[in-house]
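# Secondary and tertiary structure notes
Here is what each chain is made of, one letter per residue.
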Amino acid sequence: MSEPNPPPTRVTLDRALSKLGLTSRKQAQLAIQEQRVKVNGRMIDSPGKWVTLGVDRIVVDGAVAKPAEKVYLALHKPRGLVTTRSDEQGRRTVYECLGDFGSWVFPVGRLDRDTSGLLLFTNDTDWSENITAPEKKLEKEYLAKVEGHVGDEALHTLRAGVYLDDGTITLPAKVRIDRQVEKSTWLSIIIVEGKYRQVRRMCEGVGHPVTQLIRLRIGTLVLGKLASGVIRKLTPEEVEKLVPGTTPVAAPRVAVSPKASPPSPGREGGSTRHREAGSALRQTPPAPKPRPTMKSGAGRRRPRRSR
Ligand code: URA
């Protein structure tokens with residue numbers, strides 16, 4: 001017996017396009033303002049217009065907006081790349097690692113420029129939100145090389161909660177010494193939050209600045225032997241295990257009804273072509289650019305910029 005369809009979702013037009021996995025909200029807003037998007041045959045210029053997924057007929061650049069195939073990727077992010085699609089300072093970005101996965105995907109959370117390790121990408125906003133939502137308290141495991149030998153008091157504070165410079169205190173963390181090397185210590189740190197540069201600020205807060213940071217695990221998913229700079233597709237089992245209830249191989253959960261109001265004459269009207277919207281909205285990653293050095297940001301508040 002087939003699963004019953006979920007109730008229709010009512011969202012703003014920009015969110016609808018991003019929920020369909022076609023583009024980011026920012027790009028959707030742009031496309032709407034450029035009058036490239038019609039709803040039920042009428043050109044819409046307000047990203048805030050409410051639409052019902054699965055009921056309203058959304059057309060972008062003359063093509064019916066259909067849910068894009070869901071994509072779930074794991075990257076071993078190398079150091080030196082910022083987690084953003086395009087960087088206003090011209091720094092190299094993680095998108096140069098995406099290669100053939102050039103369709104629209106966005107990072108699930110972020111890693112600092114100087115942090116390496118496991119970074120996920122998807123075009124499934126619900127899945128992403130389930131991973132990053134603070135209330136889900138999903139474990140993130142890091143290996144941090146810090147300056148000096150870490151004593152019992154610092155370990156206790158890291159575990160119990162560190163007061164950060166913005167007045168907040170971190171939630172209890174699992175912290176243990178992995179190994180000592182000369183004048184440094186490798187710490188295994190498992191946190192359930194995602195504050196800006198949290199691990200660096202925690203270690204800085206107990207007097208042991210981080211000199212190297214690697215993310216080894218997000219929830220049930222480990223970095224494993226994935227080589228630096230390499231991206232791979234997650235298996236359906238991995239996707240489902242990370243966020244139970246996700247069915248990545250099933251048919252799309254939202255469908256844009258072809259029976260809503262008839263298309264207006266024009267590019268999409270009466271067309272026998274079944275081109276799907278999305279390709280025009282997706283962007284190829286920007287070419288690598290020269291890289292200036294970045295200041296240490298440990299202990300700072302999160303500014304509105306890429307890490
Ligand atoms: N904590 C940090 O300090 N940096 C990261 O990139 C992730 C967690």
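Quick notes on the rules
Sequence order as written defines residue numbering, which begins from 1 separately in each chain. Note on the predicted model: pLDDT of at least 70 is required for a residue's local features to be given, and 80 or more for side-chain atom pairs to be given and counted; whole-chain, interface and lining totals, by contrast, use all residues. A run of H or I in DSSP becomes a helix once it reaches four residues, and a run of E becomes a strand once it reaches two; helices and strands are each numbered from the N terminus. The burial label depends on the number of other C-beta atoms within 10 Å of a residue's C-beta. Counts of 20 or more mean buried, 12 or fewer mean exposed, and intermediate counts mean partly exposed, with C-beta atoms placed from the backbone. Contacts are defined on C-beta atoms placed from the backbone: any two residues whose C-beta positions lie within 7 Å are in contact. By definition, a residue lies near a molecule or strand provided its backbone-derived C-beta atom is within 6 Å of it. Note: domain ranges come from an automatic or database domain assignment. Following DSSP output, two strands are said to pair if at least two bridges run between them. Take the buried Ala, Val, Leu, Ile, Met, Phe, Trp, Tyr and Cys residues, join any whose C-beta atoms are within 7 Å, and the set you get is a nonpolar core. Each residue carries a pLDDT score, the predictor's confidence in it, ranging from 0 to 100.

Attention now goes to the overall build of the protein chain. When its secondary structure is counted, the protein chain shows six helices and 15 strands. Out of the 307 residues belonging to the protein chain, those deemed buried represent 35%. Pairs at least 24 apart in sequence give 70% of the contacts found in the protein chain among residues at least 6 apart.

Residues in close proximity to the ligand include Leu111, Asp112, Thr115, Arg197, Gln198, Val199, Arg200 and Leu213, which together make up its full environment. When residues in the shell around the ligand are grouped by element, the largest group, three residues, is from helix 5 (residues 198-205). Two domains share the shell around the ligand, each providing at least three of its residues, namely domain 2 (68-136 + 220-249) and domain 3 (139-218).

Further remarks concern the pairing of strand 12 (residues 184-191). The alternating pattern of strand 12 places Thr185, Leu187, Ile189 and Ile191 on a buried face and Ser184, Trp186, Ser188 and Ile190 on a face that is not buried. Here eight bridges tie strand 10 (residues 140-147) to strand 12, and the two strands are oriented antiparallel to one another. In the strand pairing of strand 12, Tyr142 is matched with Ile189. Counted between consecutive antiparallel strands, the loop separating strand 11 (residues 174-181) from strand 12 contains two residues, among which Glu182 sits at a positive phi close to 40°.

Attention shifts here to the environment of Gly80. Among the structural elements, Gly80 can be located in the loop between strand 7 (72-77) and strand 8 (106-108). Judged by the 13 C-beta atoms lying within 10 Å of it, Gly80 is partly exposed. Once the C-alpha coordinates of Gly80 and Arg92 are considered, the two residues, 12 residues apart in sequence, prove to be 7.4 Å apart.

Here the focus is the sheet that holds strand 2 (residues 37-39). Read from one edge to the other, the open sheet built from four strands follows the order 3-2-5-6, with strand pairing classed as antiparallel. Each edge of the open sheet is held by one strand with a lone partner, namely strand 3 (42-43) and strand 6 (63-64). Here two bridges tie strand 5 (residues 58-60) to strand 6, and the two strands are oriented antiparallel to one another. From the neighbouring strand, Val59 faces strand 6, where its bridge partner is Val64.

With 36 residues, the main nonpolar core has Leu13, Ala16, Leu17, Ile58 and Ala65 as its most contacted residues. At the level of secondary structure, the elements contributing two or more residues to this core comprise helix 1 (13-19), helix 2 (25-33), strand 2, strand 4 (50-53), strand 5, strand 7 and strand 9 (115-122). Here the element with the most residues in this core is strand 9; it accounts for four residues. Looking at which domains feed residues into this core, each of domain 1 (1-67 + 252-282) and domain 2 (68-136 + 220-249) gives three or more. Ranked by size, the runner-up nonpolar core spans 17 residues in total, among them Val146, Leu158, Ala173 and Leu187.

What follows is about the pairing of strand 11. For strand 11 and strand 12, the ladder comprises seven bridges, and the chain directions are antiparallel. The residue bridging Gln180 from the neighbouring strand is Thr185, located in strand 12.

The backbone of Asn40 sits at a positive phi, close to 50°, despite the residue not being glycine. Turning to its location among the elements, Asn40 is positioned in the loop between strand 2 and strand 3. At Glu182, a residue that is not glycine, the phi angle is positive and equals roughly 40°. Along the chain, the position of Glu182 falls in the loop between strand 11 and strand 12.

Where burial is concerned, most of helix 5 is hidden: eight out of the eight residues are buried. Where helix 5 is buried, its residues touch strand 10, helix 4 (152-160), strand 12 and strand 13 (210-218). Positive backbone phi, approximately 85°, marks Gly207, located one or two places after helix 5.

Another aspect to go through is the environment of Ala133. Here Ala133 is to be found in the loop between helix 3 (125-132) and strand 10. Looking at Ala133, the number of C-beta atoms within 10 Å reads 11, which means it is exposed.

Predicted coordinates in regions of low pLDDT should not be interpreted in detail. The share of residues in the protein chain with pLDDT of 70 or more is 77%, and the mean pLDDT across the chain is 81. pLDDT under 50 marks residues 249-276. Its contacts with residues more than four places away, or in other chains, come to 41 contacts. pLDDT under 50 marks residues 278-305. Its contacts with residues more than four places away, or in other chains, come to 41 contacts.

By the element assignment, Leu143 lies in strand 10. Once the C-alpha coordinates of Leu143 and Ile214 are considered, the two residues, 71 residues apart in sequence, prove to be 5.2 Å apart. Aside from chain neighbours lying at most four places away, what touches Leu143 is Asp178, Trp186, Ser188, Ile214 and Leu216.

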